[in-house]
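# Per-entry structural report
Each chain, letter by letter, is given below.
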Amino acid sequence: MGCGTSVATATQGKDEKTAVLIQRWFRRYMARLEMRRRYTWNIFQSIEYAGEQDQLQLSSFFSFMLNNVTHLNGNGPDLISKLMDSASDPWLENENCYNLVTVPETYTGPRLSFPLSVSDMNALLGAFKEQQTLHARYVLQLLHETRKLLKQMPNIIHLSTTYTKEITICGDLHGQLDDLLLIFYKNGLPSAETPYVFNGDFVDRGKNSVEVMVLLFAYLLLYPDYMHLNRGNHEDHLMNLRYGFTKEVMQKYKIHGCEILQLFQDVFSLLPIATIIDGKILIVHGGISDQTDLDFLSILERHKSSRQIVDILWSDPKTLKGCCPNTFRGGGCYFGPDVTRRLLLQHGLQLLIRSHECKQEGYELCHSGQVITIFSASNYYEEGSNRGAYIKVGRELMPRFYQYQVSRSTRKLTLTQRVRAAEGSAFRALKEKLFTHRSELILGFQEYDHNNTGTILVSEWAQVLETGLRLDLPWRTLRPHLVRLASGGRVDYQSCFEDMEPGVTPNLADALFRYRKDIEIIFSIIDKDQSGLISIEEFRHTWHLFSAHLGIKIDNRAIDDLARSIDFNKDGSIDFNEFLEAFRVVHKLDNKDQPVNRIIGKE
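Analysis parameters
Residues numbered from 1 in each chain as written. Predicted model: local features only at pLDDT ≥ 70, side-chain atom pairs only at ≥ 80, totals over all residues. Heavy atoms only, no water. Helix = DSSP H or I, 4+ residues; strand = E, 2+ residues; numbered from the N terminus. Contact = heavy atoms within 4.5 Å. Areas by Shrake-Rupley, 256 points an atom, 1.4 Å probe, with all protein chains shown as cover. Salt bridge = Lys/Arg side-chain N within 4 Å of Asp/Glu carboxyl O. Buried < 20%, exposed > 50% of the residue type's maximum accessible area, 1.4 Å probe, protein only. Patch = residues over 30% accessible without salt bridge, like charges linked within 9 Å, V, L, I, M, F, W, Y side chains within 5 Å. Lys, Arg positive; Asp, Glu negative; His and termini not counted. Charge placed at Lys NZ, Arg CZ, Asp CG, Glu CD. Pairing = 2+ DSSP bridges. Axes fitted to C-alpha atoms, helices over the stretch in contact; angles between N-to-C directions. Left-handed = near helix turned anticlockwise from the far one by under 90°. Nonpolar A, V, L, I, M, F, W, Y, C, P; charged D, E, K, R; others polar. Core = buried A, V, L, I, M, F, W, Y, C linked by side-chain atoms within 4.5 Å. UniProt positions renumbered as here; feature names shortened; annotations may be inferred. Phe/Tyr/Trp six-rings, centres within 6.5 Å; stacked < 30°, edge-to-face > 60°. Right-handed = clockwise from strand over helix to strand, strands pointing away. Polar contact = N/O pair within 3.5 Å; in protein donor to acceptor, adjacent residues only side chain to side chain.

### A closer look at the overall build of the protein
- Looking only at helices and strands, the protein has 21 helices and 19 strands in total.
- Partitioning the intrachain contacts of the protein with sequence separation of at least 6 by distance along the chain shows that 71% fall at a separation of at least 24.
- For the protein, the accessible surface area stands at approximately 28,300 Å², while carbon and sulfur atoms represent 51% of it.

Structural data, given as structure tokens:
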């Protein structure tokens, strides 16, 4: 009996040791997984904000040219104003222009009648679930009616919970129709019993921005007292050119796309910029600054850009006190808890609700709970990367959070599979970023490589990346995924670029990849009818803008020669590939083994 007890005790001791070892292994495994999840998230967010910084630089460039250039090939401000002019097409000024658009008998989608009814909304919801496209005639009428309604609305909407039990607040949707439909399924369709505030960034990135906007605008027309829309930084013409909404509209509406886009632009500029609930909760898309004045915001012309509106649309909270420029995004500011307290106290408010930033859980509290970020687009960066969420606020003004995540596959991925998939996608995006900055990074690496060995210290490699890419990332942690170590633990820095396309000169490849999106935007602005073609004359005038933006010097005669040489098929028009070829040719002529510099931000 004594011997049996000893054996049992020994076995129990081994089992306990085994359990402890398993627990330790599991904790280490989960810690490594969490580390991978965090740096994956940082990569996605850093690259996203870097893209927004590029976009704001381009916007600033156009604004600078519009306001300061007095002569540009004899057409200075006139040319730029013409390119950037959003004046309405006379055809669109006709309130009944949509009646001139015929709906064919073969059209099987919803046929709307105005004023809209609940049955119209049900037809729209059913059609969009079946991936049908609403006919251009109804989109045009919907936008006309929305524009008329928005013109009557104030800059700041004031709501009350006195007559409704709760108000639901949603964040960024970014064209993700599935998230919007899931919110409606879980929380209920908009109505007098279920009022909503959608806090901007309805479009771009996702593939169903048109459908998201049609539903939101239709509910706004049906229930103007119970559906409320704040403007976001992506409700903007130039942002739409870069991030996909313009292309989506033109693909879905090949005949009336230009008219639809122009109406969207008008409507976006008329969206309210803030909502206040019970005089206590302020809702804006981005945030505030130390210059934010709600009284001034309530009276300014919201369709015109101003510093106050930029701050409202672009700013982010930070943990440190004070207010400083938002260098990470390139627009708006970082505002600290003291700035939040001061504004809330000044206007008798209790809480600031904003969106603008993707959060892994769909929401986040900061500034001692006085600021809430709400983000409603789940899987924003990659499948499984984040949850979406919305807030419900009742008469007690205590926010309650509801989370969800759209699943696009029947098989649920494990945590490890989700992290692995997101990590792979993040590193592909980061390697592309390295590729586009290859020339300047190589120059930076070579400054440390005094003996031309092709190797440098890990710390030197990380310093060059941090300086050259301006991404706030843990480069030493990421190093095994990006570059090989040579003998002695030094970095073989050329291995960063081993996947580079063969046969393309580094400087040219860098510039083509880095500026391609800018080139597309400039081309789209010139191509007023979005036909994919511009005239030789438009090219001649506009090349001055383009070359100035990229810092390339080229005289008038060279521009004429260039225009003739790139019109390969001699049809008198230039398509985007020919336009891109112009950049390639000039870069080869002008290249002095120096990377192309932007005119904006140039020292």
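That shown, we press on.
### A few points about the pattern of salt bridges
- Going through the model one piece at a time under the given rule, you end up with 17 salt bridges.
- Across the pair E357 and K359 runs a salt bridge whose closest N-O atoms are separated by 3.8 Å.
- You can call E357 buried: its relative accessible area is 10%.
- With its nearest N and O atoms 3.1 Å apart, the salt bridge here joins R484 to D492.
- Here the residues in one salt-bridge network are D316, R329, R354, E357, K359 and E364, joined through shared partners.

### A short note on a positive patch on the surface
- On the surface, a cluster of positive charge is made up of R24, R27, R28 and R32.
- Following the sequence through the fold, R28 ends up in helix α1 (residues 2-68).
- According to the relative accessible area criterion, R28 is partly exposed, its value standing at 47%.

### Brief notes about the sheet that holds strand β16 (residues 484-485)
- Strand order in the open sheet made by the three strands is β15-β17-β16, with antiparallel pairing throughout. At either end of the open sheet lies a strand with only one pairing partner, and these are β15 (455-456) and β16.
- By the bridge criterion, two bridges tie β16 to strand β17 (residues 491-492) in an arrangement that is antiparallel. Counterpart to L485 in the pairing with β17 is V491.

### Here's the deal with the packing of helix α15 (residues 438-448) against helix α16 (residues 458-469)
- Where α15 contacts α16, the two axes come as close as 9 Å, and the packing angle between them is 145°. Where α15 crosses over α16, the two elements pack in a sense that is right-handed. Residues E440, L441, G444, F445 and Y448 of α15 form the contact with α16, whose participating residues are E460, W461, Q463, V464, L465, G468 and L469.
- Grouping the amino acids of the contact of α15 with α16 by side-chain chemistry returns seven nonpolar, three polar and two charged.

### Some points on the nonpolar core
- L134, F198, L216 and F217 are the most contacted members of the largest nonpolar core, which has 74 residues in total.
- Take this core: its biggest share by element is 11 residues, from helix α7 (residues 209-222).
- Setting aside residues up to four positions removed in sequence, L134 forms contacts with Y107, P110, L112, L124, F128, V139, V214 and Y253.

### Digging into the UniProt feature "domain: EF-hand" (unreviewed entry) in the protein
- Following the UniProt record, one finds the feature "domain: EF-hand" (unreviewed entry) at residues 436-471, 514-549 and 554-589.
- The span residues 436-471 is 67% helix and 6% strand, and its two end C-alpha atoms sit 14 Å from each other.

### Let's talk about the sheet that holds strand β2 (residues 166-170)
- On the basis of which strands lie adjacent, the open sheet formed by five strands has the order β4-β3-β2-β13-β14 and mixed pairing. One side of each edge strand has no neighbouring strand; the edge strands of this open sheet are β4 (227-229) and β14 (400-404). The average angle at which neighbouring strand axes cross in this sheet is 20°, direction not considered.

### Looking at the packing of aromatic side chains
- Overall, the coordinates contain 19 aromatic pairs when judged by the stated rule.
- With 5.0 Å between their ring centres and 80° between their planes, F245 and F264 make a pair best called edge-to-face. Within this pair, whereas F245 is found in helix α9 (residues 245-252), its partner F264 is found in helix α10 (residues 257-270), the two being separated by 19 residues in sequence. Summarising the burial analysis for this pair, F245 and F264 share the class buried.
- The rings of W41, F44, F375, Y380 and Y381 are connected pair by pair, giving a single aromatic cluster.

### Focus on the pairing of β2
- With respect to burial, β2 is a largely interior element, five of its five residues being buried.
- Of the two faces of β2, the one holding E166, T168 and C170 and the one holding I167 and I169 are both buried throughout.
- Where β2 and strand β13 (residues 388-394) come together, five bridges link them in antiparallel fashion. Bridge pairing links E166 to G394 in β13.
- This β-α-β element, β2 to helix α6 (residues 177-187) to strand β3 (residues 196-198), shows right-handed connectivity.

### Side note on the environment of F375
- Within the fold, F375 resides in the loop between β12 (371-374) and β13.
- A residue is classified by how much of its surface remains accessible, and F375, at 1% relative accessible area, is buried.
- Spatially, the C-alpha atoms of F375 and N199 are 9.1 Å apart, while their sequence positions differ by 176 residues.
- What F375 contacts, discounting residues up to four positions off in sequence, is G171, D172, H174, E357, C358, K359, G362, Y380, N386, R387, G388 and A389.

### Considering the side chain of E235
- Structurally, E235 is set in the loop between β4 and α8 (237-243).
- A polar contact is formed between the side chain of E235 and the backbone nitrogen of D201, at a distance of 2.8 Å.
- A distance of 2.7 Å separates the side chain of E235 from the backbone nitrogen of G232, its partner in a polar contact.
- Contact partners of E235, with chain neighbours within four places excluded, come to G200, D201, F202, V203, F268 and L271.

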